[in-house]
Amino acid sequence: MKKGIWVASLALGLAARLAGLSAQENTWRPIAPPAQAPAPAWRAAAPSKEGAALGRPVPITRGVLGDNEPDYLPPRIGQPASRTIPPAGAIECGGERGDVIASAGPVRQVSHSAVVGNSPSDDGSEAVFASERRPALRGPMLASMPNFQPVPPPVSPPAPAPAVQAGNWSQLQPITPPPFQPGGPVVDGGFGGPPPPSHFYVRGEYLLWWAKQDHVPVLVTTGSVQSDGSAGILGRPDTVPLFGGALDRGAQSGARFTAGYWLGDCNSNAIEFSGFFLGQSTARFDANSSQFPVIARPFFDVNSGQEFVEQVSFPGRVIGDVRIESPSQLWGVEANWKCKMCCGCDYQVNALAGVRYLNLRESLTIVENLMFQEGAGALAGGQNVNVDSFSTRNEFYGGQVGVEGRLYRGRWSLDGRAKLAVGETHQTLDIAGGQSFTNVNTPIDTRPGGLLTTSSNIGTFSRDRFTVVPEVGINVGYALTPNLRASVGYNFLYWSSVARPGDQIDRNIDSQLVPNFNSPARPLTGLNRPAVLFKDSDYWAQGLTFSVELTF
């Protein structure tokens, strides 16, 4: 009897256990999906069986994966990407997003293919109830659940910086430049690189140039008193030249101004106007009787065929002084059409063609004042003023071509330019002179001609000469602001044919043509000397440039 009761109790317990298992299995894994459930879109992209599975084998319904598939998923070993399981009670569902069916316990990091059993966790808390599975095995429950895909909040794209065309280079640059950091890196388009967008540009330059020296013959000498009337004659051992040879006018200050405008939106062509000048620089000489007891003006007398002098100062005969001034001034203007040849992020090369005008004015004037003493005989007590003047003007008219370029390195830049002008130089020579003699007993006697200027060469003369004018320059610049650049450099200008005053002096004189020199004992030679020489020479000017350039 007891044995029957024990067998019946065992059978009832076993049946209850089987019923519980059957109910649990039907809860999380339906036997077969309904016919209306569509196959997931990612069915073909389901992961392979290689992976890692933990816990007991999971039964599946035959036919979902095919007749040859096993009834359970075997354990898989692999390195899938890890993810975070949400807290207990959280369910992530949906066709393509849902991976976790249900979970309980603390959050754990598991792989996409890890299956977690219901055994206790390492920290003593309840383990995850169900495992992460392939979407194709979730059955009708998951297929019928809505897709809870999180929708990311809309992100507004950043507003692009306003862009406009760069000034002289066709580059897009932001209007607002990067902040200036002394000693720090500089971004092109800000303080360094091509200038900001602009069409106009102006440049002012200070010029400190030196010009080629003029050459003049020896015009003033001194000598020994013991030489008497031959004191100061060239060729004598005691004669010392006081003025003559190379005429150095020193440094000349000036300025150059340039203005240009880039045409169109691409800044590929521009029109440019430029003008410069070198301020008047004057070479001066002055000598008087208190400095030199003997002062003479030497010349070659064609009447006698030998060297001779006019005495300006000699003890007991005449006292006086002589002054010489020789000013020089250069200026010019040009207009050019510029065309961009090539350019990059840090360089630009332009070709130019245009017209050019240059003007060089120079002169040399000799003024002497004489007071005759008692030993001068009939001239005693009289005063004589003698003036000789030689003036030249050179005007160049021509067309020119050239090329210029600029290379950028941050704020620094290197400029180079070369131009060649070809045309005609109109040379004008003006020779003038005169004397005035005053005596207490006679009225003022004024006559044309001085010592080196007589009726044989006084007048205005002109001619034209073919000329070339090349010019080169180089500058190193630094950007003070995005629109302002300062630079220092070197410039060289050459003029192949000019007339200069020192070259026009003819010291061969027919003394019978000189006022107050004529004497019946000296007949005219008929050589008409001094003559109009009209000699050519070249000219150059070179020096430093300090400039500031503004673009806007």
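Residues numbered from 1 in each chain as written. Predicted model: local features only at pLDDT ≥ 70, side-chain atom pairs only at ≥ 80, totals over all residues. Heavy atoms only, no water.

J.: Can you tell me about the overall build of the chain, naming the residues and giving the values?
T.: Looking only at helices and strands, the chain has two helices and 20 strands in total. The buried share among the 552 residues of the chain stands at 40%. Of the contacts formed within the chain by residues at least 6 apart in sequence, a portion of 73% connects residues at least 24 apart. Split by element, the accessible area of the chain, about 28,100 Å² in all, is 62% carbon and sulfur. (Helix = DSSP H or I, 4+ residues; strand = E, 2+ residues; numbered from the N terminus. Buried < 20%, exposed > 50% of the residue type's maximum accessible area, 1.4 Å probe, protein only. Contact = heavy atoms within 4.5 Å. Areas by Shrake-Rupley, 256 points an atom, 1.4 Å probe, with all protein chains shown as cover.)

J.: How would you explain unusual backbone geometry if you had to name every residue and give the values?
T.: Following Arg529, the chain continues into Pro530 via a peptide bond in cis, with omega recorded as 10°. For Pro530, the position within the fold is in the loop between strand E19 (508-509) and strand E20 (537-551). Unusually for a residue other than glycine, Asn528 sits at a positive phi of about 50°. In this model, Phe534 sits at a positive phi of 50°, which is unusual for a non-glycine residue.

J.: Which residues make up the pairing of strand E11 (residues 306-313), and what values do they have?
T.: Sheet analysis places strand E10 (residues 295-301) next to E11, joined by seven bridges and oriented antiparallel. Residue pairing for E11: Ile295 is matched across the bridge by Ser313. Between the antiparallel neighbours E10 and E11 lie four residues, among them Gly305 with a positive phi of about 70°. (Pairing = 2+ DSSP bridges.)

J.: Outline the environment of Leu493, listing residues and values.
T.: Relative to the helices and strands, Leu493 resides in strand E18 (residues 484-498). Using a relative accessible area of 2% as the deciding quantity, one classes Leu493 as buried. C-alpha separation for the pair Leu493 and Gly473, spaced 20 residues apart in sequence, amounts to 8.8 Å. Not counting residues within four places of it along the chain, the set of residues in contact with Leu493 comprises Phe276, Leu330, Arg356, Val469, Pro470, Glu471, Tyr539, Trp540 and Ala541.

J.: Explain the packing of aromatic side chains to me, and be specific about the residues and the numbers.
T.: With the rule as written, the count across this model stands at 12 aromatic pairs. On the basis of an interplanar angle of 40° and a centroid distance of 5.9 Å, the ring pair of Trp209 and Phe276 is categorised as tilted. On the criterion of sequence distance, the pair formed by Trp209 in strand E5 (residues 200-211) and Phe276 in strand E9 (residues 269-288) is long-range, its members being 67 residues apart. Neither residue differs from the other here; Trp209 and Phe276 are each classed as buried. Consider the rings of Phe396 and Trp495, whose centres lie 6.4 Å apart with planes at 80°: the pair is edge-to-face. Taken as a pair, Phe396 in strand E14 (residues 383-409) and Trp495 in strand E18 lie far apart in primary sequence, 99 residues in all. Following the ring pairs from residue to residue traces out a cluster consisting of Phe200, Tyr261 and Phe552. (Phe/Tyr/Trp six-rings, centres within 6.5 Å; stacked < 30°, edge-to-face > 60°.)

J.: Provide a residue-level description of the state of the cysteines, including the pertinent values.
T.: One covalent bond between the sulfur atoms of two cysteine residues makes up a disulfide. Going through the model one piece at a time under the given rule, you end up with zero disulfides. Cysteine Cys343 shares no disulfide, and the gap to the nearest cysteine sulfur, in Cys342, comes to 7.2 Å. By relative accessible area, Cys343 is classed as partly exposed at 29%. (Disulfide = S-S within 2.5 Å.)

J.: Explain the environment of Asn369 residue by residue, including any values.
T.: When you line up the elements, Asn369 lands in strand E13 (residues 347-372). On the accessibility criterion, Asn369 (19% relative accessible area) is buried. When residues no more than four places from it in sequence are discounted, the contact partners of Asn369 are Ile319, Gly320, Asp321, Arg323, Asn384 and Val385.

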